[in-house]
Amino acid sequence: MDYENKLILAPMVRVGTLPFRLLAADYGADITYGEEIIDHKFIKCVRRVNESLGSIDFADKGTENVVFRTCQEERDRVVFQIGTSDAVRALTAAQIVCNDVAAIDINMGCPKAFSVSGGMGAALLSKPELIHDILTTLKRNLSTPVTCKIRLLKTSHDTVELARRIEKTGVSAVAVHGRKVEDRPRDPAKWNEITDVVAALSIPVIVNGDVFEYEDFQRIKAATGASSVMVGRGALWNASIFFPEGKLPWEEVKREYVRKSFIWDNCIKSTKHTLREMISHYSSLELPEGKAVIKSDTLADLAEYYGVR
């Protein structure tokens, strides 16, 4: 994996499934992160080749529900992100999937209660020894590249010191979200504090935060000096943000997402969640389209509504 000058799809829970990753890649994303998957859940999965879809499925041994689905087409660009608070569990999960993905990433930035309460995500930011244990354990035992994604700490000095400790574990890159744990999405990303991290490290730094137009990729790179740029909400609202010629109409992007979800038999709950997020940004769920999505029970229902096959 080369982390220089790349446009990257950020990990997004219930959004970053195979159809959305392929959609982003079609529009120009160089690297695509899957949604965070908790180690406890993934170590209960078994790998299966899905001949009918042409996919590789990791399904829960008990329920047979697909927890992670990938395919050969994205093998060299998909990053599997793990939610973890334990080095051994993280390694066990990574070893199940490492031969089918381009890299393994550890989530150290999610501020949501379900993640932090389990000692995962942003909770790791205050535990540098545990961070070191997790990352060095993965590096020692995997040939697959290992990275992590963090948030800004209370001071720029604290963030730089943590980033330096992370670099010493031998990871291939570090992604930095330009917000602190207590910040909300509406708060501006602090690009200037990422600049300090970039200056302190020799490994690639991926910058994330407030990228909503294609032009923002170059603006944030120029402002921070980062190696690559990652986008979350901007891609969720219109995945063609990666398209150099400019974003396509969101109706077109939406239909292509539904088509890919249907082709790859995506989880209906995940598909509806993503569509609701798209619709809510541009329109209202109270209008006919939103109501149609909410009441759809199957992917076939959605495909019929949007006129795709």
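Just above, that's the structure.
Since the structure is predicted, the reported quantities are computational estimates derived from the model, not experimental observations.

Enquirer: Explain the state of the cysteines to me, please; I cannot follow it from the model alone.
Expert: Two cysteines whose sulfur atoms are joined by a covalent bond form what is called a disulfide. Applying the stated rule across the entire model yields zero disulfides. Free of any disulfide, Cys-45 has its nearest cysteine sulfur in Cys-267, 14 Å distant. Judged by its relative accessible area of 43%, Cys-267 is partly exposed.

Enquirer: Help me understand the environment of Leu-138, please; the structure alone is not making it clear to me.
Expert: Position of Leu-138 among the secondary structure elements: in helix H5 (residues 128-141). Residue classification places Leu-138 among the buried positions, given a relative accessible area of 0%. In this structure, the C-alpha to C-alpha distance between Leu-138 and Gln-95, residues 43 residues apart in sequence, is 9.1 Å. For Leu-138, the residues in contact, after removing those within four places along its chain, are Ala-90, Leu-91, Ala-94, Ile-104, Ile-106 and Val-146.

Enquirer: In this structure, what is going on with the layout of surface pockets? I would like to understand it.
Expert: In this approach, a probe sized like a water molecule rolls over the atoms, and the result shows the empty space that is left. When its volume is computed, the largest pocket comes out at roughly 880 Å³. Considering each element in turn, the lining of the largest pocket owes the most residues, three residues, to helix H9 (residues 233-237). Residue composition of the lining of the largest pocket, by class: 14 nonpolar, nine polar and eleven charged. Of the volumes computed, that of the second largest pocket is approximately 680 Å³. Every residue lining the second largest pocket is counted, 26 residues in all, and those nearest its centre are Glu-35, Lys-41, Val-66, Val-67 and Cys-267. Elements with a contribution of two residues or more to the lining of the second largest pocket: helix H1 (18-27), strand E3 (37-38), strand E6 (66-70) and helix H11 (268-282). Of the residues contributing to the lining of the second largest pocket, the split by class is ten nonpolar, seven polar and nine charged.

Enquirer: Any chance you could explain the environment of Val-116 here in plain terms?
Expert: Tracing the backbone through its elements, the reader meets Val-116 in helix H4 (residues 113-116). Judged by relative accessible area, which is 33%, Val-116 ranks as partly exposed. A C-alpha to C-alpha distance of 21 Å links Val-116 and Val-67, two positions 49 residues apart in sequence. Apart from residues lying up to four places away in sequence, Val-116 is in contact with Cys-110, Pro-111, Ala-122 and Ala-123.

Enquirer: Looking at this structure, how should I read the sheet that holds strand E4 (residues 45-50)?
Expert: The pairing of strands in a sheet happens through backbone hydrogen bonds and is either parallel or antiparallel. A sheet is described by the order of its strands in space; here three strands give the open sequence E4-E5-E6, paired in antiparallel fashion. The outermost strands of the open sheet, each flanked by one partner alone, are E4 and E6. On average, each strand axis in the sheet is inclined to that of its neighbour by 20°, with strand direction left out of account.

Enquirer: Teacher, can you tell me more about the packing of aromatic side chains here?
Expert: The way to describe two aromatic rings as a pair is by their centre distance and the angle between their planes. By the definition in use, this model includes ten aromatic pairs. On the basis of an interplanar angle of 45° and a centroid distance of 4.7 Å, the ring pair of Phe-42 and Phe-80 is categorised as tilted. One end of the pair, Phe-42, is in helix H2 (residues 39-42); the other, Phe-80, is in strand E7 (residues 78-83), with 38 residues separating them in the sequence. Of the two residues, Phe-42 and Phe-80, neither departs from the other in class, the shared state being buried. Considering the side-chain rings of Tyr-305 and Tyr-306, the 5.1 Å spacing of their centres and the 85° angle between planes classify their relative orientation as edge-to-face. The class of Tyr-305 is partly exposed, set by a relative accessible area of 42%. The positively charged end of Lys-254 is found above the aromatic ring belonging to Trp-250, 3.4 Å away from the centroid.

Enquirer: What should I look at first to understand helix H8 (residues 214-224) in this one?
Expert: At 3.6 residues per turn, the α-helix brings residues three or four places apart onto the same side. Those residues of H8 lying buried are Asp-216, Phe-217, Ile-220, Lys-221 and Thr-224. Along the long axis of H8, the arc covered by the buried residues comes to 135°, so they all point the same way. The exposed set on the far side of H8, more than 90 degrees from its buried face, consists of Glu-215, Gln-218 and Ala-222.

Enquirer: What am I meant to see in the packing of H5 against helix H6 (residues 156-168) here?
Expert: In a pair of packed helices, the angle between the axes and the distance between the axes together describe the arrangement. Interhelical geometry of H5 versus H6 gives an angle of 25° and a closest axis separation of 9 Å. Looking at the two axes, H5 sits roughly parallel to H6. In the crossing of H5 with H6, the sense of the turn from one axis to the other is right-handed. Residue-level contacts link Pro-128, Glu-129, Ile-131 and Leu-135 of H5 to Leu-162, Arg-165 and Ile-166 of H6.

The rules behind these values
Residues numbered from 1 in each chain as written. Predicted model: local features only at pLDDT ≥ 70, side-chain atom pairs only at ≥ 80, totals over all residues. Heavy atoms only, no water. Disulfide = S-S within 2.5 Å. Buried < 20%, exposed > 50% of the residue type's maximum accessible area, 1.4 Å probe, protein only. Helix = DSSP H or I, 4+ residues; strand = E, 2+ residues; numbered from the N terminus. Contact = heavy atoms within 4.5 Å. 1 Å grid on protein atoms, 1.4 Å probe; cavity = no way out; pocket = protein on both sides within 12 Å on 5 of 7 lines; lining within 4 Å. Points joined across faces, edges and corners; volume = space filled by probe spheres on them. Nonpolar A, V, L, I, M, F, W, Y, C, P; charged D, E, K, R; others polar. Pairing = 2+ DSSP bridges. Axes fitted to C-alpha atoms, helices over the stretch in contact; angles between N-to-C directions. Phe/Tyr/Trp six-rings, centres within 6.5 Å; stacked < 30°, edge-to-face > 60°. Lys NZ or Arg CZ within 6 Å of the ring centre and 35° of its normal. Arc of directions from axis to C-beta. Parallel < 35°, antiparallel > 145°, perpendicular 65-115°, else oblique. Left-handed = near helix turned anticlockwise from the far one by under 90°.

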